[in-house]
4 protein chains.
Amino acid sequence: MEIIAIGGYNEFGRNMTEVKVGDESVIIDMGIKLDRVLIHEDSDLSTMDSDELVKRGIFPDDRFVQGRVKAIIISHGHLDHLGAVTKFTDKYDVPIYATPYTAELIKAEKRYNRGFKGGERVVSVQPGEIIEVSPNIKLEFVAVTHSILHASFVALHTPEGVLIYANDFKFDDTPVLGETTDYDRLMELGQEGVKCLIIESTRVMEEERTPSEDIARKLLFDTLSKADEDSGLIVTTFSSHLQRIRSILDVAELIGRRPVLLGRSMAKYSGIGEKLGLIKMPKTTSVYGSQKAVAGILKNINSEGRENYLIIATGHQGEQDAILSRIANREFDFRIGKDDQVAFSANVIPNPMNRANRYVLETKLRIQGARIIKGLHVSGHAAREDHRYLLRVLNPENIVPCHGDLLMLSSYAELAESMGYELNKDLHLIRNGQKVVI
Amino acid sequence: MEIIAIGGYNEFGRNMTEVKVGDESVIIDMGIKLDRVLIHEDSDLSTMDSDELVKRGIFPDDRFVQGRVKAIIISHGHLDHLGAVTKFTDKYDVPIYATPYTAELIKAEKRYNRGFKGGERVVSVQPGEIIEVSPNIKLEFVAVTHSILHASFVALHTPEGVLIYANDFKFDDTPVLGETTDYDRLMELGQEGVKCLIIESTRVMEEERTPSEDIARKLLFDTLSKADEDSGLIVTTFSSHLQRIRSILDVAELIGRRPVLLGRSMAKYSGIGEKLGLIKMPKTTSVYGSQKAVAGILKNINSEGRENYLIIATGHQGEQDAILSRIANREFDFRIGKDDQVAFSANVIPNPMNRANRYVLETKLRIQGARIIKGLHVSGHAAREDHRYLLRVLNPENIVPCHGDLLMLSSYAELAESMGYELNKDLHLIRNGQKVVI
Amino acid sequence: MEIIAIGGYNEFGRNMTEVKVGDESVIIDMGIKLDRVLIHEDSDLSTMDSDELVKRGIFPDDRFVQGRVKAIIISHGHLDHLGAVTKFTDKYDVPIYATPYTAELIKAEKRYNRGFKGGERVVSVQPGEIIEVSPNIKLEFVAVTHSILHASFVALHTPEGVLIYANDFKFDDTPVLGETTDYDRLMELGQEGVKCLIIESTRVMEEERTPSEDIARKLLFDTLSKADEDSGLIVTTFSSHLQRIRSILDVAELIGRRPVLLGRSMAKYSGIGEKLGLIKMPKTTSVYGSQKAVAGILKNINSEGRENYLIIATGHQGEQDAILSRIANREFDFRIGKDDQVAFSANVIPNPMNRANRYVLETKLRIQGARIIKGLHVSGHAAREDHRYLLRVLNPENIVPCHGDLLMLSSYAELAESMGYELNKDLHLIRNGQKVVI
Amino acid sequence: MEIIAIGGYNEFGRNMTEVKVGDESVIIDMGIKLDRVLIHEDSDLSTMDSDELVKRGIFPDDRFVQGRVKAIIISHGHLDHLGAVTKFTDKYDVPIYATPYTAELIKAEKRYNRGFKGGERVVSVQPGEIIEVSPNIKLEFVAVTHSILHASFVALHTPEGVLIYANDFKFDDTPVLGETTDYDRLMELGQEGVKCLIIESTRVMEEERTPSEDIARKLLFDTLSKADEDSGLIVTTFSSHLQRIRSILDVAELIGRRPVLLGRSMAKYSGIGEKLGLIKMPKTTSVYGSQKAVAGILKNINSEGRENYLIIATGHQGEQDAILSRIANREFDFRIGKDDQVAFSANVIPNPMNRANRYVLETKLRIQGARIIKGLHVSGHAAREDHRYLLRVLNPENIVPCHGDLLMLSSYAELAESMGYELNKDLHLIRNGQKVVI
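We now turn to the structure provided with this report. (Residues numbered from 1 in each chain as written. Chains lettered and ligands numbered in written order. Predicted model: local features only at pLDDT ≥ 70, side-chain atom pairs only at ≥ 80, totals over all residues. Heavy atoms only, no water.)

## Looking at the overall build of chain A
Working step 1: The secondary structure content of chain A amounts to 14 helices and 19 strands.
Working step 2: In terms of overall dimensions, chain A is globule-like: its C-alpha atoms have a radius of gyration of 22 Å, near the 22 Å expected for 438 residues.
Working step 3: In terms of overall dimensions, chain A has C-alpha extents of about 65 × 45 × 40 Å along its principal axes.
Working step 4: Within chain A, the proportion of its 438 residues that are buried is 68%.
Working step 5: Pairs at least 24 apart in sequence give 75% of the contacts found in chain A among residues at least 6 apart.
Working step 6: Summed over all atoms, the accessible surface of chain A reaches about 15000 Å², with 47% contributed by carbon and sulfur.
Working step 7: Side-chain charges of chain A comprise 54 positive and 63 negative groups, with the mean position of each set lying 5 Å from the other. (Helix = DSSP H or I, 4+ residues; strand = E, 2+ residues; numbered from the N terminus. Rg over C-alpha atoms; globule rule 2.2 N^0.38 Å. Buried < 20%, exposed > 50% of the residue type's maximum accessible area, 1.4 Å probe, protein only. Contact = heavy atoms within 4.5 Å. Areas by Shrake-Rupley, 256 points an atom, 1.4 Å probe, with all protein chains shown as cover. Lys, Arg positive; Asp, Glu negative; His and termini not counted. Charge placed at Lys NZ, Arg CZ, Asp CG, Glu CD.)

The following block contains the structure:
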């Protein structure tokens, strides 16, 4: 069995891994690196070809792919795992496997990458099913909790043993929406024996268990239920985080404000969620995706009385083309008023461009009189104690940390060492383009 | 009305304020500055006289006191508000007013400061009562939530208007134990008119509402309920924080471990709490205050099976003479075993000595095989949005920020400016030894 | 005597102070706040009117001006002291006084702010001259060292005593270029008695003497003399810092590379410096200001052999329209080659936009193969020990810290307190729009 | 050829490496980890045996040693390279090779570790000599610059090629005292071919050339020459850093103060330096090593007039038993006076205990009225550009980074990758106890 690092082993982002058994191989995840899009401001993902995107470090470098690819497997619906799939997959005339919500998100990507012809190759797989993807490789998704619904571990059953790809996850037993992690299946797999674990390392330095989404829910309730009743209230969060949006909708109901979702990606993620029955929004909710529709409702809110609305908008990282930044730039017939409350239900993803964008956004909002509210967030990534727990359950023979820069990978390695693993023996640090043979 | 800054206006700690009306005055709080005790390692508070303690910056400098003191008022039971009272008050033959739990804590201080003769001058006052402390000054405690029970705002009713001393507090509507803040009374006072607000500034830079103690409770439950069943489990937290201890006791019950409270101050605070009926501990709980008793039970736990116990110990800041540090130093017949879990339900109070003490403690524990768990904490201090809320409720004519260094005080000033106050007009930055005349 | 804070008392940037004696007043400095230009990306200083620029926080708010203005005095040529002068001064039909290099820079501003009609009102004054600017106010510039030539303290001689405005300076006895500080005159003024000192607070937190420019020179020599001989070498620094440019030119000579200055402001500052005889550039030096000229020479260098040149370019903060950013964006017929060396002789001015711009610039350069070299810089602002020295020399009766946010001002206040001053008595913290009466 | 990591590959400190050729091996460096001594406050290096010191993480774990040890080689005289040698070497009845100053320091260690019998095995070797230490291994020291005199690279000439151990160094062409790096020999070795480079990684993250010691000298001159003439002046720095002490002595002469060196290690390092003719101290200099002598001279200085002296004392890290801490604790008949100047010519070595010790020291000094002066320092370790230069000169076939935690080692790996090396192929990250076979 060979594990080939394509992307995400030198950096946080653009995840892509190849697993090869004999000469058959599968690719797991095809993500993008968003901060590289911010660095190259002229990047247009819909029109640029994949070679240019590889060159800019936005796409993983698929020239590293070595085997005869039999399948593409997507672990969950975040862009750093799925964003490159509609550009890349037409090269590979193979099925694309994903859990139902993820599968729908891949198909929906088609709209924005017009050339994508692979929609019919997308196969929706329920967690628990076992699918033969090639003579030597069977695929199983194991349900886990994360900051998006239908996240999964990817288990590959091969003649050389079971490989588990655990990227990304948290252990959340009160996830607000959706199923909890399938602990029983993880324990079974652990008892049967796991040959290799490929594991995210993003938050392994945090010596804690990652708090439940229910904590974010309570923070939202405690804080927003005391919001100033006479002023505007805007909350911004991840469009793909339906659990979080569920809580915000519930707060809106409690405090008697009409929820309004604004932005193209807000419409996309919640629309697919509703279609699959994953979230049911209150009747009072309205959703505006197109720029024209957003402009219309904001004009209405501005004139009718903002105190009756709770606006849920894109733009938590200060993205320059998101709704919140455009509000701050006064691009709509909507004015931030003195004491309007703008709540960030998301932390700054730590890179200098996000910090600058957020600072610019917050400064503009403050100049116009807004009050900024922060802290309404919990992470979606496992922390050190969660990782320890997973290692005890799976007890893998080999470990390959992924999804991080060398510091994150090294920190995971130190945890593994403390639990008896040894570097270069059963614990492997590899870089994009390198492989481990097990 | 004059407000005279005695201590806590140049620093975080040793709070002491004099309020003078005519030539009558009252003193509010008499605290110590704990990090100065750490700097002067040879400081012995029980034997040193108050002049030396002033000189070392541990005690506030009461030579700044100007009026004829009619009463001493203690807002709550933390050492940075109460620690100097047993040394200082014998100078002033006046009553010492405090809420019931605080009053008992003052009396209990007598044991450790043997010379203290003022116990009989301590007057326990219920929140809501109004007491005449001098011809021109009436005292009222208003119940607020904080990280200790029976915390209060001090309201002084004078011919020149009402002064409110709000140091320390948070707004917590699910405080686990004890009453919530008396919002009704605050609103009444606001409507009647508040001449001056003296207000803590510790966390005004945090743009949030401070999370409820209920969040800490859920974090404790989620994390400790997944603790390794076969290993030891030690939790360390603030001895005076009975709400937190309540939650830890409840987790112990849930996971079937016998709770054991260790340390002199653990015994003091919980004992007084039980005596006043503020906390009822499960029958399985045992409390060991003296060094001998602690040594005995630890020896038993070591031999009998640590997996049956949940140890609640002093030492969250790595204090060198606390139980947890002494365990790490192997001073007891108790050995930290591989995978024993040590959970910190407290953040490091930010100064270099605490950081070093914690680092030393954690390193020693790790060398012996312990797993460190952090993040099980929420603050007891109001954040920016809480402060904004309070200003809207009280709408004070004048503001004097306290309990902070110049950065904290200045940050409060910037908040007040954003709400219409003006520096040196109705917003006053003063330093220890200075006064404001209103 | 009244000191009225117009700008720079709430922030770092947009310095402007009014000093009023009777009903006569003078304005000292009229600067802009550059990071507000970065926040409002659509800001165009040449076309926007001053009201809009005030609203955006780029210009100081001159509605705070109270007296009958008799003169405008500019302390030195940096944009945060001089940038607003060509927009603002046409309102005031009064002379604009400045030292010679500063005076020329003001006149040169005319080119870029076409409406400026005040060029003929600019009066060049030598340090040491005493000029009567109104019946009650005489002006004197005292030469000091700073990161621009002809920097000065502004001394106002009035019937109520001498006021000294010390914003900005450092004490540098080996300044590479230009005169050292006129210590003798400062001592004289101190002995005669200084009524009030208005003093910058930017680096008062640094417990040191600010290193001499000669240190930067040696760092440049040690580092660049070991540059890879076969690769390109680009140095970026402050265009206005002729001392620094002098050193870079001298290194170029030493290592046998032809120096090329690129960028509009490089041309402006060095051109005026040469015209006044302040700097004499080696004959091999060439200067290209216009975009077309820059494009031409870069194309030549690219084809002829970059190893023969030392490029000195604008763009040390990653400014998006500066030469270095445009090189990184491949806007010229010039390609960064593998191992080309890009040396930053400037620190990041600490705000999130600069950090992001620098990060973007450095990342793009690295992707193209460049080596980044940092650390070739010393500050131009006085540190704590320099401030202490100045206070001992001048021994002012009153102190008003300026040029900083509340933290910087407060830190200066703490220094002054340690030397015997008392807040609100002879030490005054004021905010934009407020005044001190002395 | 095998490189076996004994110590310093998981951490900064306790350097020890074994190099094995056939079954012969040599050990390079035997250092201690000083922060572990601070953690275990009861550690007494003179009385504890080496097993206990290994267990505490103070000594490297020499159970990892695999070959038949033929020689011990010490690269330079710092404790993290030499501190364990007097405890460890009696196990190995083999010669101990070192450059002259280092050799004398090893012999001097005997005094404080009384059991040391190996003094007669210490062999002083001049840089440039080639010594046969076993049939297959020849040893050569190559002179390099560092923050101690007689630092060296260790070159091992073997049948399998040349190995170079480069730990620690900087490239300083104006080192104030002592020889510069032998660049010619490094180039020769590079041209002959280097099989393997073992290389320190401490400062590889800094994108600069490390400044010359001459910069520290100028900072000292600029700052101390403006010291207040009427007050005391204490400078603290590394006792082993004779180049730095040379500069301080020269400043003392310039400003007419008598230099006084205080502290046991001040006496040791300067004494050996004088004996070997490496430093010649001015006649006015006096040196006091014993506590009694120090107490005597401090009493004299206190009474006679401190303004005539420049005290050079141990204690730059706030070590609790060093002279400066004891002065701050008032253990001598010497009082810090108002405005006495205490200059730190050393940065805080970054760990929490040093930060706390320094904070405690500075706070005590400030309370007593002292002015603290910082910034008078440059590092002794190579930065990124120096490392790049070395790689170009030596062009080694294999690289093994050492002297750092995983982050530092990983950062070096990233530099090496940017220059064409590949992880796990010709670039090796190993941990204490692991080996690389080349």
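## Re the pairing of strand S4 (residues 68-73) of chain B
Working step 1: Pairing geometry for strand S3 (residues 24-28) of chain B and S4 of chain B, over five bridges, is parallel. Bridging from a neighbouring strand, Val26 of chain B pairs with Ala71 of chain B of S4 of chain B. (Pairing = 2+ DSSP bridges.)

## Side note on the interface of chain B and chain A
Working step 1: On the chain A side, the residues contacting the 29 residues of chain B number 29 residues.
Working step 2: Buried surface at the junction of chain B and chain A, summed over both partners, amounts to about 2600 Å²; 43% is from carbon and sulfur atoms.
Working step 3: In terms of surface lost to chain A, no three residues of chain B exceed Glu207, Arg209 and Lys226 of chain B, which account for 27% of the buried area on that side.
Working step 4: Between Asp228 of chain A and Arg392 of chain B there is a salt bridge; the shortest N-O distance is 3.8 Å.
Working step 5: Elements that contribute at least two residues to the side of chain B that touches chain A include exactly helix H7 (213-224), helix H12 (352-367), strand S17 (371-373) and helix H13 (384-394) of chain B.
Working step 6: Of all the elements, H7 of chain B adds the most residues to the side of chain B that touches chain A, at six residues.
Working step 7: When its residues are assigned to classes, the side of chain B that touches chain A shows seven nonpolar, five polar and 17 charged. (Buried area = accessible area lost by both parts, 1.4 Å probe. Salt bridge = Lys/Arg side-chain N within 4 Å of Asp/Glu carboxyl O. Nonpolar A, V, L, I, M, F, W, Y, C, P; charged D, E, K, R; others polar.)

## Observations regarding the packing of helix H13 (residues 384-394) of chain D against helix H14 (residues 406-418) of chain D
For any two helices packed against each other, one specifies the crossing angle of their axes together with the interaxial distance.
Residues and elements named next belong to chain D.
Working step 1: Contact geometry of H13 with H14 gives a least axis separation of 11 Å together with a crossing angle of 50 degrees. Considered as vectors, H13 and H14 are oriented oblique to each other. For the pair H13 and H14, the crossing hand works out as right-handed. Contacts from Arg384, His387, Arg388 and Leu391 in H13 reach Ser411, Tyr412, Leu415 and Ser418 in H14. (Axes fitted to C-alpha atoms, helices over the stretch in contact; angles between N-to-C directions. Parallel < 35°, antiparallel > 145°, perpendicular 65-115°, else oblique. Left-handed = near helix turned anticlockwise from the far one by under 90°.)

## Let's talk about the nonpolar core
Working step 1: Among the nonpolar cores identified, the biggest contains 188 residues, and Leu390 of chain C together with Leu390 of chain D are the most heavily contacted of them.
Working step 2: Not counting the four nearest positions on each side in its chain, Leu390 of chain D is found in contact with Phe153, Ala166, Phe169, Phe171, Leu186, Leu197, Ile199 and Asn395 of chain D.
Working step 3: In this structure, Ile148, Phe169 and Leu415 of chain A together with Leu197 of chain B belong to the second largest nonpolar core, which totals 187 residues. (Core = buried A, V, L, I, M, F, W, Y, C linked by side-chain atoms within 4.5 Å.)

## Quick look at the interface of chain B and chain C
Working step 1: Tallying the contact residues gives twelve residues for chain B and twelve residues for chain C.
Working step 2: On the chain B side of the interface with chain C, the three residues burying the most area are Leu406, Arg431 and Gln434 of chain B, jointly 37% of the side's total.
Working step 3: Summed over the shared surface of chain B and chain C, the number is four salt bridges.
Working step 4: Residues Arg431 of chain C and Glu414 of chain B are paired through a salt bridge, measuring 3.7 Å at the closest nitrogen-oxygen approach.
Working step 5: If you look at where chain B meets chain C, you find seven residue pairs in polar contact (both at pLDDT 80 or more).
Working step 6: Its residues placed into classes, the side of chain B that touches chain C shows five nonpolar, three polar and four charged. (Polar contact = N/O pair within 3.5 Å; in protein donor to acceptor, adjacent residues only side chain to side chain.)

## Here's the deal with the pattern of salt bridges
Working step 1: Considering all chains together, one arrives at 151 salt bridges over all chains under this definition.
Working step 2: A salt bridge links Glu140 of chain B to Arg185 of chain B; the nearest nitrogen and oxygen atoms lie 2.6 Å apart. With a gap of 45 residues between them, Glu140 of chain B in strand S8 (residues 137-143) and Arg185 of chain B in helix H6 (residues 183-192) connect regions that are remote in the sequence. For the pair Glu140 of chain B and Arg185 of chain B, a shared accessibility class is recorded, and that class is buried.
Working step 3: The closest approach of N and O atoms between Lys170 of chain C and Asp172 of chain C, which form a salt bridge, is 3.9 Å.
Working step 4: Taking the relative accessible area as the measure of exposure, Lys170 of chain C reaches 3% and is therefore buried.
Working step 5: Asp172 of chain C sits in the buried class, given a relative accessible area of 2%.
Working step 6: Through salt bridges with shared partners, a single ionic network connects Glu207 of chain A together with Arg358, Glu362, Arg366 and Lys374 of chain B.

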